[in-house]
Amino acid sequence: MRSILFFNFFFVGVYFLYAQTIPVWFWKNPKLCPPGYAQVPALPGYASTDFCVGAYEAKNVGGVAVSQPTGTPWGSVTRAEAIAGCQANGSRYDLISNDQWQAIARNIENVATNWSSGVVGSGAINRGNSASSSSVTACAGTDGLYGSNGGSGCTSTVNFALKRTHTLSNGQVIWDFAGNVNEWVKDANVNYSLTQFISQVTNTTAKAMFGPGGTYTSLNSGEYGGLGKLNSFSAGGATFRGGNWGEGTTSGIFRAETAFNNTDRFDDIGFRCVYQIP
């Protein structure tokens, strides 16, 4: 009888211990996303709950948009084809929205290690593969610290400006969120009649739509904070973000272009998918 009571008390104790600790452990170690996806923390005004984003630009695997490191990005695709490619994965998959893009970019913005100085707002955020002649695959055996050379995808020397990975506040890593190929978002375009580096945008609504949470107008030369450029003009009907392999300092995590039609297809415009957590 004593042994039975002992084990009963033991298991009750273990139950209460785990009931208290599992939620904290689970929050610190996101496990809710499909393979190849990173969990993005909610951000009021942009994403009311956590969601998952492709850690890699979409690759064409039999007409399905797959987030994987191997293969070249799925380019020369219209926005509608990008939506269909994402939704072919299942009911909870879709093309990334502009709000979701903003939730990711603003999260990246507030992680110190994404800035060249190691201090938020000082120096510049890395802009990925933005100084080469073509898109590239993820660098095998690396964390993206090396810049792209347009061939194998990596150089032998460290170039922080061309680093191809960004880290979220929960430690999750995303590849090529800036540079490599431009990426469609699901939303129609918004015309603010602006052509400015993102760090210099002071229009409140344009900044909310395409810009950072912080104020970086002092970053007004050179890399312009690595945030990219806003080309918001015309009424093309679609928006893409991030920049491509050859756009230099105009590429960046907040880069936005609204002058194209959603039926356009170019080899430097790709996309990535999101997954809604049940």
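No experiment lies behind these values; they were computed from the predicted model shown. (Residues numbered from 1 in each chain as written. Predicted model: local features only at pLDDT ≥ 70, side-chain atom pairs only at ≥ 80, totals over all residues. Heavy atoms only, no water.)

Enquirer: I'd like to hear about the sheet that holds strand β5 (residues 93-95), residue by residue, with values.
Expert: What holds strands together in a sheet is hydrogen bonding between their backbones, with the strands either parallel or antiparallel. The strand order across the open sheet built from four strands is β1-β2-β14-β5, with neighbouring strands paired in antiparallel fashion. The open sheet terminates on both sides in strands that have one partner only, identified here as β1 (37-40) and β5. Averaged over all pairs of adjacent strands, the angle between their axes in this sheet comes to 35°, without regard to strand direction. Pairing between strand β2 (residues 51-54) and strand β14 (residues 273-275): two bridges, direction antiparallel. Note on β14: the bridge partner recorded for V53 is V274. Against the sheet, helix α2 (residues 79-87) contacts β5 and β14, and its axis sits at roughly 165° relative to β5. Lying over the sheet, helix α3 (residues 98-109) contacts β1, β2, β5 and β14, oriented at roughly 85° with respect to β2. (Pairing = 2+ DSSP bridges. Helix = DSSP H or I, 4+ residues; strand = E, 2+ residues; numbered from the N terminus. Axes fitted to C-alpha atoms, helices over the stretch in contact; angles between N-to-C directions. Contact = heavy atoms within 4.5 Å.)

Enquirer: Break down the sheet that holds strand β10 (residues 229-232) for me, citing the residues and quoting the values.
Expert: Overall, mixed pairing links the six strands, which are arranged β9-β10-β12-β11-β8-β13 in an open sheet. Among the strands making up the open sheet, the edge pair consists of β9 (194-197) and β13 (269-270). In this sheet, strand β12 (residues 256-257) lies alongside β10 in parallel orientation, the contact comprising two bridges. Paired with L230 across the bridge in β12 is A256.

Enquirer: Can you tell me about unusual backbone geometry, naming the residues and giving the values?
Expert: Notably, S76 is not glycine yet its phi reads approximately 50°, a positive angle. With respect to the secondary-structure elements, S76 resides in the loop between β4 (64-67) and α2. Phi at Y224 is positive, roughly 50°, even though this residue is not glycine.

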